[in-house]
Amino acid sequence: MSNLRMTSDVRRELILSAAKRCFAHNGFAGTTTKSVAAAASISEALLFKHFPTKAALYAEILAEACQADPALHRLLDREPSTETLVILIRGMVKHFLNASASPDQQEAQRLRLMVSSQLDDGEFARLLYEKIRDLISQAFTASLERAIAAGDAVPVGREPLNLFWFAHHTVLMMVLTNLPSVPTLSYGSGPDLERQICEFILRGVGLNAAAIALHLDREAVFNAAQTSAAESA
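Residues numbered from 1 in each chain as written. Predicted model: local features only at pLDDT ≥ 70, side-chain atom pairs only at ≥ 80, totals over all residues. Heavy atoms only, no water.

(A) Summary view of the overall build of the protein. A count of helices and strands for the protein gives 11 helices and 0 strands. A buried classification covers 40% of the 233 residues belonging to the protein. In the protein, the share of contacts with a sequence separation of at least 24, taken over all contacts with a separation of at least 6, comes to 69%. By element, 56% of the accessible surface of the protein is carried by carbon and sulfur atoms, the whole surface being about 13,400 Å². (Helix = DSSP H or I, 4+ residues; strand = E, 2+ residues; numbered from the N terminus. Buried < 20%, exposed > 50% of the residue type's maximum accessible area, 1.4 Å probe, protein only. Contact = heavy atoms within 4.5 Å. Areas by Shrake-Rupley, 256 points an atom, 1.4 Å probe, with all protein chains shown as cover.)

(B) Representation of the environment of alanine 150. As for its placement among the helices and strands, alanine 150 is situated in the loop between helix H8 (123–149) and helix H9 (160–176). Sequence spacing of alanine 150 and threonine 82 is 68 residues, and the spatial spacing of their C-alpha atoms is 8.1 Å.

(C) Expanded view of the environment of alanine 213. With respect to the element layout, alanine 213 can be found in helix H11 (residues 209–232). The partly exposed category is assigned to alanine 213, whose relative accessible area is 32%. Between the C-alpha atom of alanine 213 and that of glutamate 199, which follows or precedes it by 14 residues, the distance is 8.7 Å.

(D) Seen up close, the confidence of the model for the protein. The pLDDT averaged across the protein works out to 85; a share of 88% of its residues lies at or above 70. Counted against residues more than four places away or in other chains, residues 224–233, with its pLDDT under 50, gives 0 contacts. (pLDDT = per-residue confidence, 0-100.)

(E) A look at the pattern of salt bridges. Taken as a whole and judged by the stated rule, the model has 9 salt bridges. Ionic pairing is found between glutamate 194 and lysine 94, a salt bridge with its closest N-O pair at 3.5 Å. Placement of glutamate 194 in helix H10 (residues 191–204) and of lysine 94 in helix H6 (residues 82–101) is noted, with a sequence separation of 100 residues between them. Linked by salt bridges that have partners in common, Arg12, Glu60 and Lys131 make up one network. (Salt bridge = Lys/Arg side-chain N within 4 Å of Asp/Glu carboxyl O.)

(F) Spatial organisation of the packing of H8 against H9. H9 packs onto H8 with a crossing angle of 120° between their chain directions and a minimal axis gap of 9 Å. What the angle tells us is that H8 and H9 run oblique. Where H8 crosses over H9, the handedness of that crossing is right-handed. Counted together, Tyr129, Ile132, Arg133, Ile136, Ser137, Phe140, Thr141 and Leu144 of H8 and Pro160, Leu161, Leu163, Phe164, Trp165, His168, His169 and Leu172 of H9 form the full contact between these two elements. Its residues assigned to classes, the contact of H8 with H9 shows 11 nonpolar, 4 polar and 1 charged. (Axes fitted to C-alpha atoms, helices over the stretch in contact; angles between N-to-C directions. Parallel < 35°, antiparallel > 145°, perpendicular 65-115°, else oblique. Left-handed = near helix turned anticlockwise from the far one by under 90°. Nonpolar A, V, L, I, M, F, W, Y, C, P; charged D, E, K, R; others polar.)

Below, the structure is given as structure tokens:
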């Protein structure tokens, strides 16, 4: 039984490896499950046993990339706390702002795919949101609970995880305005914009002004120290 399971796991990794090459070379629209199966030297029917659709295959590749991110591992290893909540939100804001400032072809393709999925059958968006939820939801909700218990935040509504999605959708929509060659809306740029977005989101999830000021400033000092150390190394 274990040998069969190992064979299945190895085959799954081979499919993912072949799919990464196909998507990188042909993009999402130009890649078919037939071409991925050919690149993996398997039948299309066997591919479907592991990944029922092309969208499921692409969503899994994106999830793997997130799981391999050292910054995400450091975040998920932290104890739930107000500080962890602020680091999570700030990290998400930084990620989307960086994508907005210089979106590469693959990043732009993923964002456009997310939008078109919402307007179509929603399959890709639904799968990707499930992957994000599985990765982040526990860290977010546990840290928010700790912040409330510490008096750093007040409860907002009855569904804490909704607050994460509200935050995610806010920064996602900001990035979408920058996808056209001429942005549809200009928010400006720089540290002031990042802080404004973070404050907006953190107030929205229930943090009070004192906690926001304390932890945002602490995180900014820590990041500046890391940058200085890296530049002097």
